[in-house]
Amino acid sequence: MRTEGNHAALAVFLFFFALVTVMGFVAARWRRPETLARLDEWGLGGRQFGTWITWFLIGGDFYTAYTVIAVPALVYSVGAYGFFALPYTIIVYPFVFAVMPKLWKVAKDRGFVTAADVVHGTYRSRPLELAVAVTGVVATMPYIALQLIGMAAAIKALGLAGELPLIAAFVILALYTYSSGLRAPALIAFVKDAMIYVVVIAAVALIPGKLGGYAEVFRAADEAFRVKGSGGILLAPDQYVAYATLALGSALAAFMYPHTLTGVFASRSGNTIRKNAVLLPAYTLMLGLLALLGYMGHAAHLRLSSNNDVVPALFQALFPNWFAGFAFAAIAIGALVPAAVMSIGAANLFTRNFWKAYVNPQIDEAGEAAVAKITSLVVKVGALLVILYLPTQFALDLQLLGGLWILQTLPALIFGLFTRWFTAPALFAGWAVGLIGGTWLAWADGLKPLHGLTLGETTVTAYVGLIALGANVLVAVFVNLLVPARRMVTGPDASYQR
Amino acid sequence: MKWHRWLLLLPFIGLLWVPFYNFREPSLFGFPFFYWYQLAWVPVTAFLTWLAYRTYSHED
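Residues numbered from 1 in each chain as written. Chains lettered and ligands numbered in written order. Predicted model: local features only at pLDDT ≥ 70, side-chain atom pairs only at ≥ 80, totals over all residues.

Draft legend 1. Highlighting the overall build of chain B. Each helix and strand in chain B was counted, giving two helices and zero strands. Taken over the C-alpha trace, chain B has a radius of gyration of 15 Å; the compact-globule value for 60 residues is 10 Å, which it surpasses by more than 25%. Taken over 60 residues, chain B has a buried fraction of 28%. (Helix = DSSP H or I, 4+ residues; strand = E, 2+ residues; numbered from the N terminus. Rg over C-alpha atoms; globule rule 2.2 N^0.38 Å. Buried ≥ 20, exposed ≤ 12 C-beta atoms within 10 Å, placed from the backbone.)

Listed below in structure tokens is the structure:
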């Protein structure tokens, strides 16, 4: 190994890691509130993040470290099909623009902190609230674990052996999230996103030059897929529906997750969210270019033991050592922001929709914040244990199912913003059928995201989460028509008034 | 001009109907059509969203 060079890389890495650690703790004083002992101060940063902070926070939280590793890895291994992340992260914004300001307004007006709060406030149904809350927490846990995989890949590339560095990084993260709440990832996101932009711009500007230009990169990838006999730089005709449904299903699911919703609820106004729907696609451009690193891996003739190594290996082969260290720091810090927001989102759900709903309804604001802070620690330790003691594949499979599950909360959370026609029992039945049916389909296919649907003569392969959502909505409509309509209570719910 | 809000449907049509763009040619700066077409939708979508944004009051 290049020992001296690795020292430079390590020094750069440690410098930036130390910097964000200090920032994480200082964040408690940033835009200092009267008290952090309130859930919408600790868990939503006081609902006062303006356009730029929201842009960095949602960008830092939605385009995760795992994305930076996994999207190029998928493109490296299967080609064009892995590019579905691009249409996915484009069409998500018109959806955010149309829907999220309405959701924000409901949450702001009635002091809601979580998606399940909104559902309970709209339908006054504890079962539906619990369904949305449990789905949110369960879908988020493996997502946090994946951030650890991204961080581990960066740490491994630096030549640090063993699990201790990963554990140390995560413990530090857990501590400043505990003390500063959402302000910590919001402040760190500035550093993280700036670093990732520098890395991606350097990569897409410099690497193709070393490899003979973009035309050569695509030619080399095309050649590699031909030799391998699978994949390709264009889609096969039987992949069209799979590609489109994965993009659409992922886009609809993306802002159902607790961490993305936390970013939405923490913003200052509906206008802030709409402005961000215009500005956030800048990250998508970066993601699209980043995905091409997968093809650059072919052009550089990398030999990899795992597809996930393509980005670290490319940086190590083609960047000077100190800059490789900077890039790995960017990826590792890139894992901290989403992991922090995810644990905060999960903690908010647990506190509001389980602890307050079932254990201690009389809990005061300071009590809520205390429960949420402890929960955020427990959630992170849980994710760490999953990564240390269970096979990586377990987290990946759970993450796949998590996307399917979280998508099933869409009707309960979103439909009520546009129509009062649906009732809680109908939405609950739809959720249950979508969740159980979708999980069963995915399980029967060997935990694959795609399922072959036979319609008469033709078979189309589609994203199983979207199939389940279709079943979910159909069941909800059907039950709503069959069950005699009781007038839904839509008045303000006393338990949420502040 | 509230009809601008309907422009937000265009990215869904342009990107989810794969037969529109699953081609190699015409390429641009070495990028096959499949890639630059989808990348081009990023600024186009941002622009359409901005047009829709202008139809809202900035108060809320």
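On we go.
Draft legend 2. Representation of the overall build of chain A. Looking only at helices and strands, one finds 22 helices and two strands in chain A. Each of the three principal axes of chain A carries a C-alpha extent, and together these read 65 × 65 × 40 Å. Considering chain A as a whole, with its 498 residues, one finds that 57% of them fall into the buried category. Considering only residue pairs separated by 6 or more positions, chain A has 83% of its internal contacts joining residues 24 or more positions apart. (Contact = placed C-beta atoms within 7 Å.)

Draft legend 3. Examining the interface of chain A and chain B more closely. Taken together, the contact pairs 33 residues of chain A with 27 residues of chain B. Contributions of two or more residues to the side of chain A that touches chain B are made by helix H5 (85-110), helix H10 (214-228), helix H11 (240-254), helix H13 (270-279) and helix H14 (281-291) of chain A. Among the elements that take part in the side of chain A that touches chain B, H5(A) stands out by supplying nine residues, more than any other. Classifying every residue of the side of chain A that touches chain B by side-chain character gives 24 nonpolar, six polar and three charged. (Nonpolar A, V, L, I, M, F, W, Y, C, P; charged D, E, K, R; others polar.)

Draft legend 4. Region of the structure containing unusual backbone geometry. In this structure, Pro26(B) follows Glu25(B) across a cis peptide bond, with omega equal to 0°. One can find Pro26(B) in the loop between helix H1 (10-16) and helix H2 (33-53). Although it is not a glycine, Arg47(A) sits at a positive phi angle of roughly 50°. Turning to its location among the elements, Arg47(A) is positioned in the loop between helix H2 (39-42) and helix H3 (51-62). According to the C-beta neighbour criterion, Arg47(A) is partly exposed, with 17 such atoms within 10 Å. With a phi angle near 55°, Arg124(A) is a residue other than glycine that sits in the positive phi range. You can see Arg124(A) is positioned in the loop between helix H6 (115-123) and helix H7 (126-157). According to the C-beta neighbour criterion, Arg124(A) is partly exposed, with 16 such atoms within 10 Å.

Draft legend 5. Here's a closer look at the environment of Val118(A). Residue and element names in this part refer to chain A. Relative to the elements of secondary structure, Val118 occurs in helix H6. Sequence separation between Val118 and Ala152 is 34 residues; the distance between their C-alpha atoms is 36 Å. Sequence-distant contacts of Val118, defined by excluding residues within four places in its chain, comprise Leu103, Val106, Ala107, Phe112 and Leu413.

Draft legend 6. Spotlight on H3(A). Residues and elements named next belong to chain A. The end-to-end C-alpha separation of H3 is 16 Å, in line with the 16 Å expected for twelve residues at 1.5 Å each. With ten of twelve residues buried, H3 lies mostly within the body of the structure. Those residues of H3 that fall on the buried side of the exposure criterion are Ile53, Thr54, Trp55, Phe56, Leu57, Ile58, Gly59, Gly60, Asp61 and Phe62. (Expected span 1.5 Å × (residues − 1).)

Draft legend 7. Local environment of the packing of H11(A) against helix H19 (residues 392-407) of chain A. Residue and element names in this part refer to chain A. With their axes 9 Å apart at the nearest point, H11 and H19 run at an angle of 70° to one another. Judged by the angle between their axes, H11 and H19 are roughly perpendicular. Here H11 and H19 pass one another in a crossing that is left-handed. Where H11 approaches H19, its residues Gly249, Ser250, Leu252 and Ala253 are matched on the opposing element by Gly403, Ile406 and Leu407. Partitioning the contact of H11 with H19 into residue classes produces four nonpolar, three polar and no charged. (Axes fitted to C-alpha atoms, helices over the stretch in contact; angles between N-to-C directions. Parallel < 35°, antiparallel > 145°, perpendicular 65-115°, else oblique. Left-handed = near helix turned anticlockwise from the far one by under 90°.)

Draft legend 8. Representation of the packing of H19(A) against helix H21 (residues 424-444) of chain A within the structure. Residue and element names in this part refer to chain A. In contact at an axis separation of 9 Å, H19 and H21 are set at 155° when each is read in the N-to-C sense. Considering their axes alone, H19 and H21 lie roughly antiparallel with respect to each other. H21 is crossed by H19, and the crossing has right-handed handedness. Facing H19, whose interface residues are Leu401, Leu404 and Trp405, H21 presents Leu435, Gly438, Thr439 and Ala442.

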